[in-house]
Amino acid sequence: MTIRLQRTSIVAGARDQEAMAFAAEISTYLTESMGIPTTWGMQVGGTLGVIHWFAEYSDMAAMEAGLLRTNTDPGYLERLSKAAEMFLDGSTEDTIISLM
């Protein structure tokens, strides 16, 4: 069973370009430095300024291990702290999907 973690967050104000650069940077960091293949995209239609990140894991245990690693990785946490003001407070949402 494959588990997909989808994270979304809404860009604050007119910071789309800055937020897209961050989305690319954090996705590259997760993929290359942490071994968590991560892609991202900008929502088309609906709510404007929504960025989506996607990471896939072999199972729930692998996802939990990946989340623990990201939540304790200094490089990841530093990047997140620099981007905090790019996104609306409380707009980040995670969805966990079991792929069939």
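The following paragraphs examine the structure supplied in this document. (Residues numbered from 1 in each chain as written. Predicted model: local features only at pLDDT ≥ 70, side-chain atom pairs only at ≥ 80, totals over all residues. Heavy atoms only, no water.)

**What about the nonpolar core?**
- Counting 20 residues, the largest nonpolar core has Phe22, Ile51, Trp53 and Phe87 as the members making the most contacts within it.
- When residues of this core are traced back to their parent elements, those giving at least two are β1 (2-10), α1 (16-33), β3 (50-57) and α3 (74-83).
- Considering each element in turn, this core owes the most residues, 6 residues, to α1.
- Look past the residues within four positions of Trp53 in its chain and what remains in contact with it is Leu5, Gln6, Arg7, Ser9, Phe22, Ala23, Ile26, Ser27, Thr38, Thr39, Trp40 and Phe87. (Core = buried A, V, L, I, M, F, W, Y, C linked by side-chain atoms within 4.5 Å. Buried < 20%, exposed > 50% of the residue type's maximum accessible area, 1.4 Å probe, protein only. Helix = DSSP H or I, 4+ residues; strand = E, 2+ residues; numbered from the N terminus. Contact = heavy atoms within 4.5 Å.)

**Re the packing of α1 against α3**
- Running from amino to carboxyl end, α1 crosses α3 at an angle of 170 degrees, the nearest separation of the two axes being 11 Å. Comparing their axes, α3 and α1 come out roughly antiparallel. Contacts from Phe22, Glu25, Ile26, Tyr29 and Leu30 in α1 reach Gly75, Tyr76, Arg79, Leu80 and Ala83 in α3.
- Across the contact of α1 with α3, the residue classes tally to 7 nonpolar, 1 polar and 2 charged. (Axes fitted to C-alpha atoms, helices over the stretch in contact; angles between N-to-C directions. Parallel < 35°, antiparallel > 145°, perpendicular 65-115°, else oblique. Nonpolar A, V, L, I, M, F, W, Y, C, P; charged D, E, K, R; others polar.)

**Quick notes on helix α2 (residues 60-72)**
- When the terminal C-alpha atoms of α2 are compared, their 18 Å separation across 13 residues agrees well with the 18 Å that a helix rising 1.5 Å per residue should span.
- Those residues of α2 that fall on the buried side of the exposure criterion are Met63, Gly66 and Thr70. In a view along the axis of α2, the buried residues occupy a sector of 60 degrees, so they form one face of it. Along α2, exposed side chains directed more than 90 degrees from the buried face belong to Leu68, Asn71 and Thr72.
- Residues of α2 that are buried make contact with β1, α1, β3, α3 and β4 (93-99).
- Where α2 begins, the capping side chain belongs to Asp59, and its oxygen is found 3.2 Å from the backbone nitrogen of Ala61. (Expected span 1.5 Å × (residues − 1). Arc of directions from axis to C-beta. Polar contact = N/O pair within 3.5 Å; in protein donor to acceptor, adjacent residues only side chain to side chain.)

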